[in-house]
Amino acid sequence: MAVEVGDKAPDFELKDQHGAPVKLSGFAGQKNVVLVFYPLAFSGVCSGELSALRDDFPEVTRDDVELLTVSVDSGYALRAWDDAEHFGFELLSDFWPHGGVAKLYGVFAEDRGLAVRGTFIIDKAGVVRFAEMNGPGEARDQDAWRKALAGLAG
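How each quantity is defined
Residues numbered from 1 in each chain as written. Predicted model: local features only at pLDDT ≥ 70, side-chain atom pairs only at ≥ 80, totals over all residues. Heavy atoms only, no water. Helix = DSSP H or I, 4+ residues; strand = E, 2+ residues; numbered from the N terminus. Rg over C-alpha atoms; globule rule 2.2 N^0.38 Å. Buried < 20%, exposed > 50% of the residue type's maximum accessible area, 1.4 Å probe, protein only. Pairing = 2+ DSSP bridges. Salt bridge = Lys/Arg side-chain N within 4 Å of Asp/Glu carboxyl O. Phe/Tyr/Trp six-rings, centres within 6.5 Å; stacked < 30°, edge-to-face > 60°. Lys NZ or Arg CZ within 6 Å of the ring centre and 35° of its normal. Core = buried A, V, L, I, M, F, W, Y, C linked by side-chain atoms within 4.5 Å. Contact = heavy atoms within 4.5 Å.

**A look at the overall build of the protein**
Piece 1. Helix and strand counts for the protein stand at 4 helices and 9 strands.
Piece 2. Moving toward the C terminus, one meets the helices and strands of the protein in the order β-β-β-α-β-α-β-α-β-β-β-β-α.
Piece 3. Its C-alpha atoms give the protein a radius of gyration of 14 Å, within 12% of the compact-globule value 15 Å for 154 residues.
Piece 4. In terms of overall dimensions, the protein has C-alpha extents of about 35 × 30 × 30 Å along its principal axes.
Piece 5. Buried residues in the protein amount to 49% of all 154 residues.

**A closer look at the pairing of strand E8 (residues 117–122)**
Piece 1. Across the 6 residues of E8, 6 count as buried, placing the element largely inside the fold.
Piece 2. Burial along E8 is two-sided: Arg117, Thr119 and Ile121 and Gly118, Phe120 and Ile122, pointing in opposite directions, are all buried.
Piece 3. Relative to strand E9 (residues 128–134), E8 runs antiparallel, the two sharing 6 bridges. Bridged to phenylalanine 120 within E9 is alanine 131.
Piece 4. Connecting the antiparallel pair E8 and E9 is a turn made up of 5 residues, with glycine 126 showing a positive phi of about 85 degrees.

**Here's the deal with the pattern of salt bridges**
Piece 1. Under the defined criterion, the tally for this structure stands at 11 salt bridges.
Piece 2. For the salt bridge of aspartate 83 with arginine 79, the shortest nitrogen-to-oxygen distance reads 3.3 Å. A residue pair is termed a helical-turn pair when its members lie 3 or 4 positions apart in one helix, as aspartate 83 and arginine 79 do in helix H2 (residues 75–85) at 4 residues.
Piece 3. Using a relative accessible area of 42% as the deciding quantity, one classes aspartate 83 as partly exposed.
Piece 4. Within this structure, Glu49, Arg117 and Arg140 form a network of salt bridges that share partners.

**Some thoughts on the packing of aromatic side chains**
Piece 1. Going through the model one piece at a time under the given rule, you end up with 9 aromatic pairs.
Piece 2. Ring centres of phenylalanine 42 and tryptophan 81 lie 6.0 Å apart, and the angle between their planes is 45 degrees; on these two criteria the pair is classed as tilted. Here phenylalanine 42, found in the loop between strand E3 (32–37) and helix H1 (44–56), pairs with tryptophan 81, found in helix H2; they are 39 residues apart in sequence, far enough to count as distant.
Piece 3. These aromatic residues form a ring-pair network of at least three members: Tyr38, Phe42, Trp81, Phe87 and Phe89.
Piece 4. Taking NZ or CZ as reference, lysine 103 lies 5.0 Å from the ring centre of phenylalanine 108, over its face.

**Details of the nonpolar core**
Piece 1. Grouped together as the largest cluster of nonpolar side chains are 26 residues, with contacts concentrated most on Phe12, Leu35, Phe37, Leu68, Tyr105, Phe120 and Ile122.
Piece 2. Among the secondary structure elements, those contributing two or more residues to this core are E3, strand E4 (65–71), helix H3 (100–105), strand E6 (108–109), strand E7 (114–115) and E8.
Piece 3. Not counting chain neighbours up to four residues away, the residues in contact with phenylalanine 120 comprise Val3, Val33, Val34, Leu35, Phe37, Tyr105, Val107, Val128, Phe130 and Ala131.
Piece 4. Counting 21 residues, the second-largest nonpolar core is a separate cluster that includes Trp81, Phe87, Ile121 and Leu152.

Right under this line is the structure:
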C-alpha cells in the first residue's frame, strides 16, 4: 500500500552517492522534502527527469526545500552517474535491503525488482502533503510539485 497524503512519512536512512548517510528525519523542522523514487540510473527517462530537476526545478534551491532521489542502484553506480551528469543533489541508494525504502513507501515493483516513479512531498513536520505514482516510461510533470511546494512556503 502506497503512502498517502496526510500520512506520517516513514523515516529512513540511506547512503548517498558519496557514501554519506542521509536520514529523512534529519530535515524535520527545517526543510520540506521532495522525495523522488525512480527505476534505474543511466536509463533514458530517468536521466531526462533528473536532468530536468537539475536544470528546470528552481524550487530545490529554496532554503526550506531538500531534494532526495532514490533508486535501487548501488552507491557506486549512482556515483558514476552523478560524475557523468553533475546533478548537484543527493542520489540515495536503496540497494540493500533491496528496495527496502521503496517498499515502505509502496512504490517497489516486486516483479521487476525496482522502484516505480513515486513522488512525495513531505512537510517540515514529516507529513506527506503530495503523493503520486507514475508507471515505467511515464515521465512526471513537475508543475504539480511546484504548486504543492508553493502551499508550504514560509
